[in-house]
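So you can see what is in the structure, the chains are spelled out below.
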Amino acid sequence: MCEITLRDFSPSDAAWLAAQHGALYARDEGFDASFEVLVAGILEGFIRAHDPSCERGWIAEQAGERLGSIFCVRLDDTSAKLRLFLLTPAARGKGLGRRLLDTCMGYAKAKGYARMQLWTHESHKAACALYEKTGWRLVSSKPVHSFGVNLVEQSWEIDF
C-alpha cells in the first residue's frame, strides 16, 4: 500500500476541492449549492492573494488520489485561521485528520502566530472532538440558517 503524502495545494486542486466540499456536505448535511460556491470563492481568493511567506494549503494524497485538505491563512500579525479542512470518506478513521491538523498547527506556530481560529458546525462531531482533544476551545456557538438548512455555527480558538 502506498504511503499517504501531504503536498502543497496547487491551483489545479481548486475545482476538485470545491466539488468535494459541495458533494460531501450535500450528502452528509443537506447543504445546498451555495456552500460549494462559498468554498470556490475562498479558494479563488487564496490562489489570487495568499502570502506564501505565512499562508499555506496542503492536499493529502495516496497513489495520485486526493484524500483531503487543510489550509492556514493569516488573519492578522498574531492570528491565523484554519480553513477548508476536509477528508474524503475513504480517508476517515485512519489518523489522517490528526496528521493534517498537526501539520497545519505546527506551520502556524513556526510562522510565529500566537493563536489560531476556525469556524465549523456543531454537526461535525468527529472534527469537533479532534479540536477539543488537541487543545482548541469552543468560544462561541449560535443557531443559524445557512446553506439551506438550520445549523449551529461554532467558533474555536487555540493559543500557542
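No experiment lies behind these values; they were computed from the predicted model shown.

Calculation criteria
All chains use their own residue numbering, which begins from 1 and follows the written sequence. Only residues with pLDDT of at least 70 get local features here, since the model is predicted, and only at 80 or more are side-chain atom pairs given and counted; chain-wide, interface and lining totals rely on the full set of residues. Only heavy atoms go into the side-chain values, all of them from the structure, while hydrogens and water stay out. By convention a nonpolar core is built from buried Ala, Val, Leu, Ile, Met, Phe, Trp, Tyr and Cys residues, the set being connected through side-chain atoms within 4.5 Å. The rule is simple: take the accessible area with a 1.4 Å probe, protein chains only, and divide by the maximum for that residue type; under 20% is buried, over 50% is exposed, in between is partly exposed. Secondary structure elements follow DSSP: runs of H or I no shorter than four residues count as helices, runs of E no shorter than two count as strands, and numbering proceeds from the N terminus. In what follows, residue pairs with any heavy atoms lying within 4.5 Å of each other are defined as contacts. Expected helix span is given by 1.5 Å per residue-to-residue step, counting one fewer step than there are residues. Note on aromatic contacts: the rings of Phe and Tyr and the six-membered ring of Trp form a pair at centre separations within 6.5 Å, being stacked when their planes are under 30 degrees apart, edge-to-face when over 60 apart, and tilted otherwise. In protein, a polar contact means a hydrogen-donor-capable atom and an acceptor-capable atom, both N or O and within 3.5 Å, with residues adjacent in sequence counting only if both atoms are side-chain atoms; elsewhere, any N or O pair within 3.5 Å suffices. At least two bridges found by DSSP between two strands is the condition for calling them paired.

(A) Focus on the nonpolar core. Of all hydrophobic cores here, the largest spans 28 residues; its most connected members are C72, L82, L101, M116 and W136. Going through the elements one at a time, β2 (56–62), β3 (65–74), β4 (79–87), α3 (96–110), β5 (115–121), α4 (125–133) and β7 (149–159) are the ones with two or more residues in this core. Excluding its chain neighbours within four sequence positions, the residues that come into contact with L101 are I70, L82, F85, L130, Y131, T134 and W136. One finds F31, F35, V73 and L84 within the second-largest nonpolar core, a separate group that totals 22 residues.

(B) Highlighting helix α1 (residues 14–29). The end-to-end C-alpha separation of α1 is 21 Å, in line with the 22 Å expected for 16 residues at 1.5 Å each. Of all the positions in α1, only A14, W16, L17, A18, Q20, H21, G22, L24 and Y25 are classed as buried. Close packing links the buried residues of α1 with α2 (34–49), β2, β3 and β4. A positive backbone phi angle near 80° is found at G30, which sits one or two residues after α1.

(C) Representation of the packing of aromatic side chains. Applying the stated criterion across every chain yields a total of 13 aromatic pairs. Centre to centre, the rings of F31 and F147 are 5.1 Å apart; their planes meet at 25°, and the pair counts as stacked. Separated by 116 residues along the polypeptide, F31 in the loop between α1 and α2 and F147 in the loop between β6 (137–146) and β7 bring together distant segments of the chain. For the pair shown, F31 and F147 are each scored as buried. Taken together, a centroid distance of 6.5 Å and an interplanar angle of 65° make the contact between W119 and F147 edge-to-face. Of the two residues, W119 sits in strand β5 while F147 sits in the loop between β6 and β7, which places them 28 residues apart along the sequence.

(D) Spatial organisation of the side chain of E61. Looking at where E61 falls in the secondary structure, it is placed in strand β2. On the basis of relative accessibility, which here comes to 18%, the residue E61 falls in the buried class. For E61, the side chain forms a polar contact with the side chain of R7, separated by 3.2 Å. Beyond its immediate stretch of four places on either side in the chain, E61 contacts E3, I4, T5, R7, R66 and L67.

(E) Inspection of the pairing of β7 at higher detail. Where β5 meets β7, seven bridges bridge the pair, whose relative direction is antiparallel. Each residue of the ladder has a partner; that of L118, found in β7, is W156. Judged from the nine bridges that link them, β6 and β7 form a sheet pairing that is antiparallel. Looking at β7, one finds that P143 is bridged to V152. Where β6 hands over to β7, the hairpin turn is made up of two residues, of which F147 adopts a positive phi near 55°.

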